[in-house]
Amino acid sequence: MENTLAPGLYIVATPIGNLGDLSPRASMILSQADVVAVEDSRVTAGLLRHIGVKRPMLPYHDHNADAVRPGLIARMGSEAVALVSDAGTPLISDPGYKLVRDARAAGHMVVTIPGPCAAIAALTLAGLPTDRFFFLGFLPSKAHARAEAIAEVAAIRATLIFYESGPRLSACLSALAEGLGDREAGVAREITKKFEECVTGTLTTLAARYAEAPPKGEIVIVVGPPGEAPPATLEDGEAALVEALTRLPASKAAGEVAKKLGLDRKALYARAMELKG
Ligand code: SAM
């Protein structure tokens, strides 16, 4: 087939299981690219076979990326370079962002061919709020580092998305329950494949379920946002007022506490005057 692609970098999303999810445009780009930068040439060879094409492949993965990148950037001046990962969208918990950065710096055209991404697919399955979400990829495997990473995001008012493996799933769910509270969650597994499922429940029920039988296959954990903070009580107001009065005059202290806790300013001012008197 004649190559009609303009030189540059083409970021090509590929299926996460079901080959039917390869878009016609992704297929066209892969058929016409001068070279396909791949994580694992055996995996991508299977995909290229599926669409009946043979293209030159160049391994581009965490262990050789720094050495291979300058050559790929140079080729983009006159050739169409496609980047794929083993599955899903390149750059998402996969190599590629430095390639895009350097391609841009060199003034090359960068085009994306969007498609499957396990994180987004899981979000659409879990039935949890989708208006705000935060993707964390893989958490550290060591318990202490994992707990620290979880603590960093505990206050974020958004649905959280993690990638995880079967053997570590139950421990990870327990750590999430410990660090985030027992929130609603979903475990999406083998998305787009024969045994696709999304099991929902609280983090502790899911942790117990998977402790008995660690699941096989690929997994995304989706965790709902924290619940609304309970409304401030009069005791909260009193404590905050006493503290504010150590720094501020009564009217300012009442104003600060009213704003912070959503309580009545006049009542707080009256109480502040009592406390002062
Ligand atoms: N770039 C990919 C994407 O766009 O989703 C993700 C690559 S990351 C190295 C691989 C992880 O994605 C897996 O360990 C798993 O957590 C998740 N994943 C990939 N395919 C999946 C699938 N079909 N079902 C559930 N999770 C999947």
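- As annotated in an unreviewed UniProt entry, the protein carries the name Ribosomal RNA small subunit methyltransferase I and comes from Sphingomonas pokkalii.
- Under the heading Sequence similarities (unreviewed entry), UniProt records this for the protein: "Belongs to the methyltransferase superfamily. RsmI family."
- If you open the UniProt record of the protein and go to Catalytic activity (unreviewed entry), you find "cytidine(1402) in 16S rRNA + S-adenosyl-L-methionine = 2'-O-methylcytidine(1402) in 16S rRNA + S-adenosyl-L-homocysteine + H(+)".

Things to note about the overall build of the protein
- Looking only at helices and strands, one finds eleven helices and ten strands in the protein.
- Here the C-alpha atoms of the protein give a radius of gyration of 26 Å, more than 25% beyond the 19 Å that 2.2 N^0.38 yields for 277 residues.
- Overall, the C-alpha framework of the protein stretches about 90 × 50 × 30 Å when taken along its three principal axes.
- For the protein, the residues scored as buried account for 42% of the 277 residues in total.
- When contacts within the protein are restricted to residue pairs at least 6 apart in sequence, those whose partners lie at least 24 apart make up 69%.
- Surface exposure of the protein reaches about 14500 Å², of which carbon and sulfur atoms provide 56%.
- Here the protein carries 29 positive and 31 negative side-chain charges, and the mean point of each set is 3 Å from the other.

What about the state of the cysteines?
- The final tally for this structure, using the stated rule, is zero disulfides.
- Unpaired in terms of disulfides, cysteine 172 finds its nearest cysteine sulfur in cysteine 198, a separation of 15 Å.
- Here cysteine 198 stays free of any disulfide, with the sulfur of cysteine 117 as its closest cysteine sulfur at 15 Å.
- What makes cysteine 198 partly exposed here is its relative accessible area of 24%.

Rules behind the numbers
- Residues numbered from 1 in each chain as written.
- Predicted model: local features only at pLDDT ≥ 70, side-chain atom pairs only at ≥ 80, totals over all residues.
- Heavy atoms only, no water.
- UniProt positions renumbered as here; feature names shortened; annotations may be inferred.
- Helix = DSSP H or I, 4+ residues; strand = E, 2+ residues; numbered from the N terminus.
- Rg over C-alpha atoms; globule rule 2.2 N^0.38 Å.
- Buried < 20%, exposed > 50% of the residue type's maximum accessible area, 1.4 Å probe, protein only.
- Contact = heavy atoms within 4.5 Å.
- Areas by Shrake-Rupley, 256 points an atom, 1.4 Å probe, with all protein chains shown as cover.
- Lys, Arg positive; Asp, Glu negative; His and termini not counted.
- Charge placed at Lys NZ, Arg CZ, Asp CG, Glu CD.
- Disulfide = S-S within 2.5 Å.

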